[in-house]
There are 2 protein chains.
Amino acid sequence: MSQTIERVRNGVDTEQLYGTLDLLDQTPSLGAFTFRATNRWLGGAHNRSTIKSFYGAGQEDTTRVEEFVVDAGEPAILLGTDTGPNPAEYLLHALAACLTTTLVYVAAARKVQLTEVESTLEGEMDVRGALGVSDEVRNGFSRIRVDFKVKGDATPEKLQEIVERAQQRSAVFDMVSNGVPVEVGLVA
Amino acid sequence: MSQTIERVRNGVDTEQLYGTLDLLDQTPSLGAFTFRATNRWLGGAHNRSTIKSFYGAGQEDTTRVEEFVVDAGEPAILLGTDTGPNPAEYLLHALAACLTTTLVYVAAARKVQLTEVESTLEGEMDVRGALGVSDEVRNGFSRIRVDFKVKGDATPEKLQEIVERAQQRSAVFDMVSNGVPVEVGLVA
C-alpha cells in the first residue's frame, strides 16, 4: 500500500517515468516522435483541428481510441463569431499546459508532492501587424508573461527551482521562446 | 440582395474588415490587444485552461458571453491518460488555425471566394530533450511541416500568392517561426 502511494506522485507513475528515462538513455532512437494535426476551414474565422495519430517509441501509436476535436474562432472585433478561442489564445494555452506538465513531472521526479499549480498568462499584440496595417510592428505577441502559483510540500526555494527547471525542459516554452523552422506548402 | 452577397465573402464581412483597417490606420493605439489564459493543474498530465477576457481596441472586451474551456493531456507512452491533445499538438493546432484564418481574410480582401481550406501539420520532436535525457537535442520540435489544400475561384498562382501572404501576416506563424520573449514568474 505504501509502495503504491510512493510509486504514483502528483498523478505521475514514477516507476514508469524512471523506466522511460532509462529506456531512452539505452535506445536513443526511441525518442523520435512525430505529432500531427489536421485542420479544416468551416467558414469565416471558424476552423477545426482533429488530433489523434502520432509516431513515437519506434512505431505508430495504437493506444489513442478517440480523436480530439478543437475549434478556433475570433471575437466580433476581429471579424469572427466566437466559435472558439483564437489562435493566439491557443498558443498561450499550449504554453501554459506544457510548462505545467513539465513542472509536475519534474516535481514527481524530485519527490515533491504538489497540491496546486495555477498559471495566468498574458500576451501583448499590436494587431496592426497581422491585419497588414503596419509593417513596423510584428504580427505576433511582442511579449508573453506567465505567473505561476505553486503549492506543495517543499520550501519556496525548492518550488522556485522546479519552476525554473520546467522552463529549461518544456517543449512549448522552447518553441515559443526560440522559434522553430516552419515549412508551408500548397498541395494540388 | 446582391449587395449582401458581395459584402460577406468567405464568411468575412468585408465592409467591417475595410472599416477596421481604416480605423487602425487612423488611430494606431486601437491596435494594442492583450490576450489571456488561465490554467489549472488537475493531476498528472491533465490540466485545463479557461479563456475569456481580453483587452483590445481601447477597452476590456464585453462581448464574449461564455468562457472557453480546453483540456490538455498526454498519451500513455508520455505518462498521461489522454485527457486531451498534448501541448505540442495544441501548438500545431494554433499554427493551423492562425494560418487558415489569415488565409481566409486575405482571400476575402482580394475578392477570392474560397470553397475549401484544409491543412495537415507534422512536427518532429526528440522527446529526450524535454524528458531531460539528453542535452544534445532541443526540447521542442526540430521542424514543422504544413501542407495546405486550398480551393476557390482563382488560379493556382493566385491561391499560392494567398498562402504566401498568409505566412507573411499570421500572428502564430510569426511567433512559432521567430520566437517571443517569455517571462515566467512564481507568485506567492
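Just above sits the structure.
Residue indices begin from 1 for each chain and proceed along its sequence in written order. The order in which chains are written sets their letters, starting at A; the order in which ligands are written sets their numbers, starting at 1. Residue-level local features of this predicted model are given only where pLDDT is at least 70; pairs of side-chain atoms are given and counted only at 80 or more, and the full residue set underlies all totals for whole chains, interfaces and linings. The basis for every side-chain value is the complete set of non-hydrogen atoms in the structure, without hydrogens or water.

*Asks:* Pulling in residues and values, what's your account of the packing of aromatic side chains?
*Replies:* Between rings of Phe, Tyr and Trp, where Trp is taken as its six-membered ring, a pair exists when centres lie within 6.5 Å; planes separated by under 30 degrees are stacked, by over 60 edge-to-face, and by other angles tilted. Enumeration over the complete set of coordinates arrives at nine aromatic pairs over all chains. Aromatic side chains A:Phe33 and A:Phe54 sit 6.2 Å apart centroid to centroid with 10° between the ring planes, which places their arrangement in the stacked category. A residue pair is termed long-range when its members are at least 10 positions apart, and A:Phe33 in strand β3 (residues 32–43) and A:Phe54 in strand β5 (residues 54–56) qualify at 21 residues. In this structure, A:Phe33 and A:Phe54 share a single accessibility class: buried. Ring geometry for A:Phe35 and B:Phe141: centres 6.5 Å apart, planes at 55°, overall tilted. Taken together, the positions of A:Phe35 in strand β3 and B:Phe141 in the loop between β8 (114–126) and β9 (143–152) put the pair across two chains. The pair formed by A:Phe35 and B:Phe141 is uniform in burial state, with each residue classed as buried. An aromatic cluster is present here, built from A:Phe33, A:Phe35, A:Phe54 and B:Phe141 joined pairwise through their rings. Helix numbers and strand numbers start at the N terminus; a helix is a DSSP run of H or I with at least 4 residues, a strand a run of E with at least 2. Partly exposed describes any residue whose relative accessible area lies between the buried limit of under 20% and the exposed limit of over 50%, with all areas from a 1.4 Å probe on protein chains only and scaled to the type maximum.

*Asks:* So what about the side chain of B:Asp174? Which residues, and what values?
*Replies:* Note on placement: B:Asp174 falls in helix α5 (residues 171–178). B:Asp174 gets classed as buried once you look at its relative accessible area, which sits at 7%. Any two residues having at least one pair of non-hydrogen atoms within 4.5 Å are treated as being in contact. Leaving out residues up to four positions away in the same chain, B:Asp174 has contacts with A:Arg138, A:Asn139, A:Gly140 and B:Gly179.

*Asks:* An account of the pairing of β3(A) is requested, with residue identities and associated values reported.
*Replies:* Two strands pair when backbone bridges link them, and β3(A) and β8(B) are joined in this way by nine bridges, in the antiparallel orientation. The residue bridging A:Phe33 from the neighbouring strand is B:Met125, located in β8(B). In short, DSSP must find at least two bridges between two strands for them to pair. In the sheet, β3(A) pairs with β5(A) via two bridges, with the strands oriented antiparallel. Looking at the pairing, A:Thr34 lines up with A:Tyr55 of β5(A). In the sheet, β3(A) pairs with strand β4 (residues 46–51) of chain A via five bridges, with the strands oriented antiparallel. What sits directly across from A:Arg40, in β4(A), is A:Arg48.

*Asks:* Quick rundown of unusual backbone geometry? Include the residues and the values.
*Replies:* Residue and element names in this part refer to chain B. Residues other than glycine seldom take positive phi values, yet Leu79 does so here, at roughly 75°. Tracing the backbone shows Leu79 in the loop between β7 (68–72) and α3 (87–109). Positive phi, normally seen in glycine, also occurs at Asp82, with a value near 55°. Residue position: Asp82 is located in the loop between β7 and α3.

*Asks:* Provide a residue-level description of the interface of chain A and chain B, including the pertinent values.
*Replies:* Contacts between the two partners involve 124 residues from chain A and, on the opposite side, 124 residues from chain B. Take the accessible area each of two parts loses on contact, using a 1.4 Å probe, and add the two losses: that sum is the buried area. Taken together, both faces of the contact between chain A and chain B bury some 11,000 Å²; the carbon and sulfur share is 60%. Among the salt bridges present, the one from A:Arg64 reaches B:Asp82, with a minimum N-O distance of 2.9 Å. A 3.5 Å cut-off defines polar contacts: any pair of N or O atoms within that distance qualifies, except that in protein one atom must be a possible hydrogen donor and the other a possible acceptor, and neighbouring residues in sequence count only when both atoms are side-chain atoms. The tally of links from chain A across to chain B stands at 66 residue pairs in polar contact (both at pLDDT 80 or more). Side-chain classes are defined by residue name, with Ala, Val, Leu, Ile, Met, Phe, Trp, Tyr, Cys and Pro counting as nonpolar, Asp, Glu, Lys and Arg as charged, and the others, Gly among them, as polar. Considered class by class, the residues forming the side of chain A that touches chain B number 63 nonpolar, 37 polar and 24 charged. Here five bridges tie strand β10 (residues 182–186) of chain A to β9(B), and the two strands are oriented parallel to one another. Considered in β9(B), the bridge of A:Val182 is made with B:Ile144. The term salt bridge refers to a side-chain nitrogen of Lys or Arg lying within 4 Å of a carboxyl oxygen of Asp or Glu.

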